[in-house]
Amino acid sequence: MSIPLISRLPPLPAVRDLLNLYRLQAVKQLSQNFLLDPKLTNKLVSAAGKITDGYVCEVGPGAGSLTRIILSRNVRQLIVVEKDKRFQPPLEMLAEASDDRMSVIWGDVLSHNLRNSFPQESSCDWNDVTPNIHIIGNLPFNIATPLIIKWLCSISERSDAWAHGRVRLTLTFQKEVAERMVAPIGTSERCRLSVMVQHLCHVQHKFTIPGRAFVPKPNVDVGVVHFTPLIVPKIKAPFSLVEKVARNTFSFRQKYCRRGLEMLFPASMRAEQVQTLLRLADVDGTLRPFELSIEEFDRLCQAYSVILEKFPSLARYNSRSTDGIDDILFAEQL
Ligand code: SAM
């Protein structure tokens, strides 16, 4: 299918006027903070890189302020996922103006699989260049972290949108969350999320948008983050195992990392197995969690996998859900 080189949208009312016309007041439960400044919506879409002739999914289009910028970049196809049906009139107006390039999925992005949203011919081999497929969104704060965790899991499995190759994402987060995702070793922001993001993606905090730029104004500033999935993850272990090791390691943030790592094991075997874990991984147990490199997390995950081979039922052990009873049950099973 060929598309015109320049596919300008017909003149449309300003998004601010549409919000007034349809009395679309922001709903707090859906974390609706609209970005209406054209300079900023343009800058956000530009942060995605070259999208011309590409396939885009926009999360939470609302009344369409980013949507119209995306369409004006001559994308081949745009799919938007929106939960709030009140936005039907402005989004249908945009879809009509788009020359059949835009379609709307009404639903919850958290339970939506994007695999069938992009055609097979847009795919690239995982080891090849990144496909011209992009996920863009001014995300609602209340789902931003669970959504990126879900998508990181899909990236690790090459499922969902990532069945089409290394699809890039450009998304907004509360500024503090954005800073945590890119936090280097040794910084106060370094946390489980830094490890989970950085072992799977090249991640960039592109710029910050002050809270006052949004309508209504949230109490926080907003970071725009760009993710490019890595060809080879830096930690070679299943997502759930990496998450478990990182979660336990950071459960005592200010203590030596061995304190958190002990929590991977029931009390009866803690002292011995944490020694084995650290020895196999060649990691200094007196480092603080935020001082550990991704390579050290990789070695810890490999070492934990070796221990799991010897004690398979440990895979189900979760110190947080125990009140001592699980410890006893596990000790009996091992
Ligand atoms: N893109 C618009 C803008 O920048 O002005 C709106 C952004 S607003 C921060 C978030 C949007 O996501 C809202 O339109 C809201 O209705 C929608 N939304 C909230 N939760 C959602 C969910 N679970 N799935 C899909 N959309 C959701």
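Cut-offs applied
Residues numbered from 1 in each chain as written. Predicted model: local features only at pLDDT ≥ 70, side-chain atom pairs only at ≥ 80, totals over all residues. Heavy atoms only, no water. Near = heavy atom within 4 Å. Polar contact = N/O pair within 3.5 Å; in protein donor to acceptor, adjacent residues only side chain to side chain. Areas by Shrake-Rupley, 256 points an atom, 1.4 Å probe, with all protein chains shown as cover. 1 Å grid on protein atoms, 1.4 Å probe; cavity = no way out; pocket = protein on both sides within 12 Å on 5 of 7 lines; lining within 4 Å. Sits in = over half its atoms within 2 Å of the grid points. Helix = DSSP H or I, 4+ residues; strand = E, 2+ residues; numbered from the N terminus. Nonpolar A, V, L, I, M, F, W, Y, C, P; charged D, E, K, R; others polar. Points joined across faces, edges and corners; volume = space filled by probe spheres on them. Salt bridge = Lys/Arg side-chain N within 4 Å of Asp/Glu carboxyl O. Buried < 20%, exposed > 50% of the residue type's maximum accessible area, 1.4 Å probe, protein only. Contact = heavy atoms within 4.5 Å. Expected span 1.5 Å × (residues − 1). Axes fitted to C-alpha atoms, helices over the stretch in contact; angles between N-to-C directions. Parallel < 35°, antiparallel > 145°, perpendicular 65-115°, else oblique. Domains from an automatic or database assignment. Buried area = accessible area lost by both parts, 1.4 Å probe. Pairing = 2+ DSSP bridges.

**Student:** Is there a simple way to think about the site of the ligand in this case?
**Tutor:** Taken together, 23 residues are adjacent to the ligand, and Gln32, Gly60, Glu82, Asp108 and Asn138 come closest. Measuring from an oxygen atom of the ligand, one finds a side-chain N or O atom of glutamine 32 at 2.8 Å. Coverage of the ligand by the protein chains reaches 99% of its 590 Å² of free accessible surface. At a threshold of 2 Å from the grid points, most atoms of the ligand map onto the largest pocket. Those elements that provide at least two residues to the shell around the ligand are β1 (34–35) and β3 (77–82). In terms of residue class, the shell around the ligand is built from 10 nonpolar, eight polar and five charged.

**Student:** Explain empty space enclosed by the protein here, please?
**Tutor:** Rolling a probe over the atoms, with the probe sized like a water molecule, indicates the empty space that remains. Tallied over the full model, the rule gives one cavity of 30 Å³ or more. Lining the largest cavity, in full, are Arg247, Asn248, Ser251, Met263, Ser319 and Arg320. When its residues are assigned to classes, the lining of the largest cavity shows one nonpolar, three polar and two charged.

**Student:** Would you mind showing me how to read the pattern of salt bridges here?
**Tutor:** Side chains bearing opposite charge may pair, as long as their charged atoms lie close to each other. Counted by the stated rule, this structure contains 10 salt bridges. Residue arginine 76 pairs with aspartate 53 through a salt bridge whose shortest N-O separation is 2.9 Å. Residue arginine 76 is found in the loop between α3 (65–72) and β3, and its partner aspartate 53 is found in the loop between α2 (38–46) and β2 (55–59); the two are separated by 23 residues along the sequence. Classification of aspartate 53 by relative accessible area gives partly exposed; the value is 35%. Among the ionic contacts, a cluster of salt bridges with common partners joins Arg192, Glu243 and Arg247.

**Student:** Explain the side chain of serine 154 to me, please; I cannot follow it from the model alone.
**Tutor:** Position of serine 154 among the secondary structure elements: in helix α5 (residues 141–157). In this structure serine 154 touches Ser159, Asp160 and Trp162, once residues within four positions along its chain are discounted.

**Student:** Please explain α5 as it appears in this structure.
**Tutor:** For α5, with 17 residues, the first-to-last C-alpha span of 25 Å sits near the 24 Å given by 1.5 Å per residue. Within α5 the residues assigned to the buried category are Ile143, Ala144, Leu147, Ile148, Trp151, Leu152, Ser154 and Ile155. Of the residues trailing α5, arginine 158 is marked for its positive phi of about 55 degrees.

**Student:** What am I meant to see in helix α8 (residues 239–249) here?
**Tutor:** Most of α8 is tucked away, with nine of its 11 residues classed as buried. Inspection of α8 places Phe239, Leu241, Val242, Glu243, Lys244, Val245, Ala246, Asn248 and Thr249 among the buried residues, and these make up the whole buried set. In this fold, the buried residues of α8 make contact with α5, α7 (192–198), α9 (257–262) and α11 (294–310).

**Student:** Which parts of the structure should I look at to understand the layout of surface pockets?
**Tutor:** Taken as a whole, the largest pocket encloses approximately 480 Å³ of empty space. In terms of residues, the lining of the largest pocket owes the most to one element, α5, which gives three residues. When grouped by side-chain class, the residues that make up the lining of the largest pocket number 18 nonpolar, 11 polar and four charged. Put simply, the second largest pocket is a space of about 190 Å³. Forming the boundary of the second largest pocket are Ala26, Val27, Lys28, Ser31, Gln32, Asn33, Phe141, Pro216, Lys217, Pro218 and Asn219. Among the residues forming the lining of the second largest pocket, the class breakdown is five nonpolar, four polar and two charged.

**Student:** I would appreciate a short explanation of the packing of α8 against α11 in the present structure.
**Tutor:** A pair of packed helices can be characterised by two numbers: the angle between their axes and the separation between those axes. Their axes nearest at 10 Å, the elements α8 and α11 cross at an angle of 110 degrees. Relative to α11, α8 is oriented roughly perpendicular. Note on element contacts: α11 touches α8 through Phe297, Leu300, Cys301, Tyr304, Ser305 and Leu308, opposite Leu241, Val242, Lys244, Val245, Ala246 and Thr249. Its residues assigned to classes, the contact of α8 with α11 comprises nine nonpolar, two polar and one charged.

**Student:** Before we go on, may I ask you to explain the domain arrangement of the protein in this structure?
**Tutor:** Frequently, the measure chosen for interface size is the accessible area that the parts lose on association. By domain assignment, the protein separates into domain 1 (15–229) and domain 2 (239–333). Distance between the C-alpha centres of domain 1 and domain 2: 35 Å. The interface is formed by 17 residues belonging to domain 1 together with 13 residues belonging to domain 2. Summing both partners gives a buried area of about 1,300 Å² for domain 1 against domain 2, and 74% of it is carried by carbon and sulfur. The three residues of domain 1 that bury the most area against domain 2 are Arg190, Arg192 and Met196, which together make up 42% of that side's buried surface. Summed over the shared surface of domain 1 and domain 2, the number is one salt bridge.

**Student:** Would you take a moment to explain the sheet that holds strand β4 (residues 102–106) for this structure?
**Tutor:** Two pairing modes exist for strands in a sheet, parallel and antiparallel, and in both the strands are linked by backbone hydrogen bonds. A sheet is described by the order of its strands in space; here seven strands give the open sequence β4-β3-β2-β5-β6-β9-β7, paired in mixed fashion. Strands with a single pairing partner mark the edges of an open sheet, and in this sheet they are β4 and β7 (201–209). Taken pair by pair, the neighbouring strands of this sheet meet at an average axis angle of 20 degrees, ignoring direction. As paired elements, strand β5 (residues 133–137) and strand β6 (residues 168–174) share four bridges and run parallel to each other. Bridge pairing in β6 places isoleucine 136 opposite threonine 170.

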